[in-house]
Amino acid sequence: MARSEPDEVSAPGEMRVFWFLLLTMVVVVTAVTLAVVGGGGSAMLQDVPPDRFTDPLPATRAVGRADIEALRLPMAPRGYRMADVDEALSRLGAELAERDARIAELESALAGVQAAAVTTGTDLFKQPGDRPAEPGGHANGSDRAEEDGR
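Please read these numbers as outputs of a predicted model, since none were measured by experiment. (Residues numbered from 1 in each chain as written. Predicted model: local features only at pLDDT ≥ 70, side-chain atom pairs only at ≥ 80, totals over all residues. Heavy atoms only, no water.)

1. Thoughts on the overall build of the protein chain
Heads up, the rule is: What counts as a helix is a DSSP run of H or I of at least four residues, what counts as a strand is a run of E of at least two, and both are numbered from the N terminus. Should any heavy atoms of two residues lie within 4.5 Å, those residues are counted as being in contact.
Within the protein chain, the secondary structure is distributed over four helices and two strands. Here the analysis covers contacts within the protein chain between residues at least 6 apart in sequence; of these, 38% occur between residues at least 24 apart.

Okay, structure coming up:
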């Protein structure tokens, strides 16, 4: 079979343009790669230290609301670092358990004082040195201020 179209032969000028563009593309890709990676003595992208839990909860004092609001856990590729979250949660759990025990202790002490006051008839709100209320007079030493003003 005979072909109806003649074979196209590329001109020597077209081959030079192709090789020039190919060489230019290789040079540009190499220059961009070296710039990004930091070759050539100037480091454009510096190594970043791994994101770690650098500001833990205070160890020398009780944890407060501001400490918890300021707490920022480092991110990991799939969320948060489990070890850092576990450390923060265990510390908060220990603080809450300690506070619950202290509250229970104070409530039991208050209940004991209230029970003792009820059985003895003592006024829990009376300040030391206050005199008992006199009939027809002012209670809790307010008549002392009147005596001082005379």
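2. Looking at helix H3 (residues 82–120)
Just so we agree on the cut-off: For a helix, the expected span equals 1.5 Å multiplied by the number of residues minus one. Burial classification: accessible surface area is computed with a 1.4 Å probe over protein chains only, and a residue below 20% of its type maximum counts as buried, one above 50% as exposed, and the rest as partly exposed.
Spanning 39 residues, H3 covers 57 Å between terminal C-alpha atoms, matching the ideal 57 Å at 1.5 Å per step. Looking only at H3, the buried set comprises Asp84, Val85, Ala88, Arg91, Leu92, Glu95 and Ala117. Where H3 is buried, its residues touch helix H2 (65–70) and strand S2 (79–80).

3. Some words on the pattern of salt bridges
To be explicit about the condition: Salt bridge criterion: a side-chain nitrogen from Lys or Arg within 4 Å of a carboxyl oxygen from Asp or Glu.
Across all of its chains, the model carries four salt bridges by this definition. Notably, a salt bridge pairs Asp67 with Arg61, separated by 2.8 Å at the nearest N-O pair. For Asp67, a relative accessible area of 17% puts it in the buried group. For the salt bridge of Arg65 with Glu69, the shortest nitrogen-to-oxygen distance reads 2.8 Å. With Arg65 and Glu69 both in helix H2, this residue pair falls four residues apart, about one helical turn. Assessed through its relative accessible area of 67%, Arg65 is described here as exposed. Given the relative accessible area of 45%, Glu69 is considered partly exposed.

4. Quick word on a nonpolar patch on the surface
Quick reminder of the rule: Surface patches are defined over residues having more than 30% relative accessible area and no salt bridge, joining like charges when they lie within 9 Å and nonpolar side chains (Val, Leu, Ile, Met, Phe, Trp, Tyr) when within 5 Å. Here the accessible surface of atoms and residues is derived via Shrake-Rupley with a 1.4 Å probe, and residues count as covered only by protein chains that are part of the display.
There is a patch of nonpolar side chains on the surface, built from Met15, Phe18, Trp19, Leu22, Met25, Val26 and Val29 and spanning about 680 Å² of accessible area. The topology assignment puts Leu22 in helix H1 (residues 12–37). The class of Leu22 is partly exposed, set by a relative accessible area of 31%.

5. Section: the packing of aromatic side chains
Selection rule: Only Phe, Tyr and Trp rings take part, Trp by its six-membered ring, and two of them pair if their centres are within 6.5 Å. Stacked means planes under 30 degrees apart, edge-to-face means over 60, and tilted covers everything else.
Under the criterion given, the structure shown has one aromatic pair. On the numbers, 5.4 Å between centres and 70 degrees between planes, the contact of Phe18 with Trp19 is edge-to-face. Take Phe18: its relative accessible area is 44%, and that puts it in the partly exposed class.

6. Re the side chain of Asp67
Among the secondary structure elements, Asp67 is positioned in helix H2. Beyond its immediate sequence surroundings of up to four residues, Asp67 is in contact with Leu57, Pro58, Arg61 and Ala62.

7. Some thoughts on the confidence of the model for the protein chain
Here is the rule we go by: The pLDDT score gives, residue by residue, the confidence of the prediction method on a 0 to 100 scale.
Looking at the protein chain as a whole, its pLDDT mean stands at 76, while 67% of the residues score no less than 70. For the protein chain, helix H4 (residues 142–149) is the element with the lowest average pLDDT, namely 51, and H1 is the one with the highest, namely 90.

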